[in-house]
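Here is how the chains run, residue by residue.
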Amino acid sequence: MRIQAKQLSKVYGSGENQVVALNQADLDIHQGDFISIMGPSGSGKSTLLHLLSGLDRPTSGSLTYDGKEIYTLPDKELSAFRRRKIGFIFQQFNLLPVLTARENILMPLLLDKKQPDEGYLNRLSELLGIKDRLSHLPHELSGGQQQRVAIARSLIARPEVIFADEPTGNLDSRSGGEVMEMLKGIREEMGKTLVIITHDSRIAEMAQRKLTIMDGVLSEVNGI
Ligand code: ADP
Ligand code: MG
């Protein structure tokens, strides 16, 4: 899957209250890329990730997946496209508190009226070390375990691309490190594209392509 963003902008508010959260961002993502994005708080990182993943629509600009314009899709089709093609990992995990880990993981498939693939669920749970936690509710799990459940949910529909918005931001450094190692391993093993926002320069350094964002302006840090 090739993802191309051209001149993506997002402006909030108007007049004196106007905020240019993202200023004409261009980005070309190839299948299998591992990209990190760093930038200070309020610089537009989440805005960019939400636009790239179709969670939000831009004020102007275009986004194509394999040449197909995404923002022209009506909301319902855009949601379906997202569920099938894109995995998203949030800083706050965003698990549904009344559902078990297993039910949370399978939610994207249920919404799509697809049968769960028990073999794949098993494999993901094993890779993520949550096999004996599947019948638990989120509040019965540690932060690291909750995020690993959220990672399994992001992968269950077998998307080609995973977006992660500060996935270790709510974790202590040990469970954050574990979560990152698992994400990296899964990316390598399954050939997924991974775009990750982080505050942590050690995580940013793991990526092949490093981007920074300042006041809504995105730029790529060239390798030496
Ligand atoms: P980051 O993720 O880098 O911390 P964000 O993308 O969340 O930054 O926000 C970028 C800028 O856009 C900030 O100035 C923020 O206050 C503003 N912003 C984000 N979302 C909204 C919104 N829904 N309404 C108004 N302003 C917003
Ligand atoms: Mg953010």
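Caption draft 1: Highlighting the packing of helix H4 (residues 118-127) against helix H6 (residues 173-190). Relative orientation of the contacting elements H4 and H6 amounts to 135 degrees, with a least axis distance of 11 Å. By the angle between their directions, the pair H4 and H6 is classed as oblique. From H4, Tyr-120, Arg-123, Leu-124 and Leu-127 reach across to H6, where they touch Met-182, Ile-186, Glu-189 and Met-190. Class assignment for the residues of the contact of H4 with H6 results in six nonpolar, no polar and two charged.

Caption draft 2: Seen up close, the nonpolar core. In this structure, Ile-105, Val-149, Ile-151, Leu-155, Ile-156, Leu-183 and Ile-196 are the most contacted members of the largest nonpolar core, which totals 33 residues. Mapped by element, the contributors of at least two residues to this core are helix H3 (101-111), H4, helix H5 (143-155), strand E7 (161-165), H6 and strand E8 (193-197). Residues within four places of Ile-151 in sequence aside, it is in contact with Ile-89, Leu-128, Val-179, Leu-183 and Ile-186. Judged by nonpolar contacts, the second largest core, of 30 residues, contains Ile-29, Ile-37, Leu-52 and Phe-163.

Caption draft 3: Structural context of unusual backbone geometry. We note that Arg-158 has phi near 55 degrees; this positive angle belongs to a residue other than glycine. By the secondary structure assignment, Arg-158 is in the loop between H5 and E7. We classify Arg-158 as partly exposed; its relative accessible area is 45%. A positive phi angle, near 45 degrees, is found at Asp-215, a position not held by glycine.

Caption draft 4: Region of the structure containing the sheet that holds E7. Pairing is mixed across the open sheet formed by six strands, whose spatial order is E6-E7-E8-E3-E9-E10. A single partner strand is all that each edge strand has here, and the edge strands are strand E6 (86-89) and strand E10 (217-221). Pairs of neighbouring strands in the sheet enclose a mean axial angle of 20 degrees, with direction left out of account. Here helix H1 (residues 45-52) sits on the sheet in contact with strand E3 (34-38), E6, E7, E8, strand E9 (209-214) and E10, set at roughly 155 degrees to E7. Where helix H2 (residues 75-85) meets the sheet, it contacts E6 and E7, and its direction lies at approximately 80 degrees from that of E6.

Caption draft 5: Here's a closer look at the site of ligand 1. Taken together, Tyr-12, Val-19, Ala-21, Pro-40, Ser-41, Gly-42, Ser-43, Gly-44, Lys-45, Ser-46 and Thr-47 make up the full set of residues adjacent to ligand 1. Within the side chain of Lys-45, a nitrogen or oxygen atom sits 2.8 Å from an oxygen atom of ligand 1. Take Thr-47: an N or O atom from its side chain is 2.6 Å from an oxygen atom of ligand 1. Relative to its unbound accessible area of 560 Å², ligand 1 is 58% covered by the protein chains. Among the elements of the structure, strand E2 (19-29) and H1 are those that each provide at least two residues to the shell around ligand 1. Top contributing element to the shell around ligand 1 by residue count: H1, with three residues. Taken together, the residues of the shell around ligand 1 break down into four nonpolar, six polar and one charged.

Caption draft 6: Spotlight on H4. The complete set of buried residues in H4 reads Tyr-120, Leu-121, Leu-124 and Ser-125. Within H4, the buried residues cover an arc of 135 degrees as seen down the axis, which keeps them to one side. Looking at the buried side of H4, the elements it contacts are H3, H5 and H6. Where H4 begins, the side chain of Asp-117 points an oxygen toward the backbone nitrogen of Gly-119, at a separation of 3.1 Å. Just downstream of H4 lies Gly-129, where phi reads positive at about 65 degrees.

So, how was this worked out
- Residues numbered from 1 in each chain as written.
- Chains lettered and ligands numbered in written order.
- Predicted model: local features only at pLDDT ≥ 70, side-chain atom pairs only at ≥ 80, totals over all residues.
- Heavy atoms only, no water.
- Axes fitted to C-alpha atoms, helices over the stretch in contact; angles between N-to-C directions.
- Helix = DSSP H or I, 4+ residues; strand = E, 2+ residues; numbered from the N terminus.
- Parallel < 35°, antiparallel > 145°, perpendicular 65-115°, else oblique.
- Contact = heavy atoms within 4.5 Å.
- Nonpolar A, V, L, I, M, F, W, Y, C, P; charged D, E, K, R; others polar.
- Core = buried A, V, L, I, M, F, W, Y, C linked by side-chain atoms within 4.5 Å.
- Buried < 20%, exposed > 50% of the residue type's maximum accessible area, 1.4 Å probe, protein only.
- Pairing = 2+ DSSP bridges.
- Near = heavy atom within 4 Å.
- Polar contact = N/O pair within 3.5 Å; in protein donor to acceptor, adjacent residues only side chain to side chain.
- Areas by Shrake-Rupley, 256 points an atom, 1.4 Å probe, with all protein chains shown as cover.
- Arc of directions from axis to C-beta.

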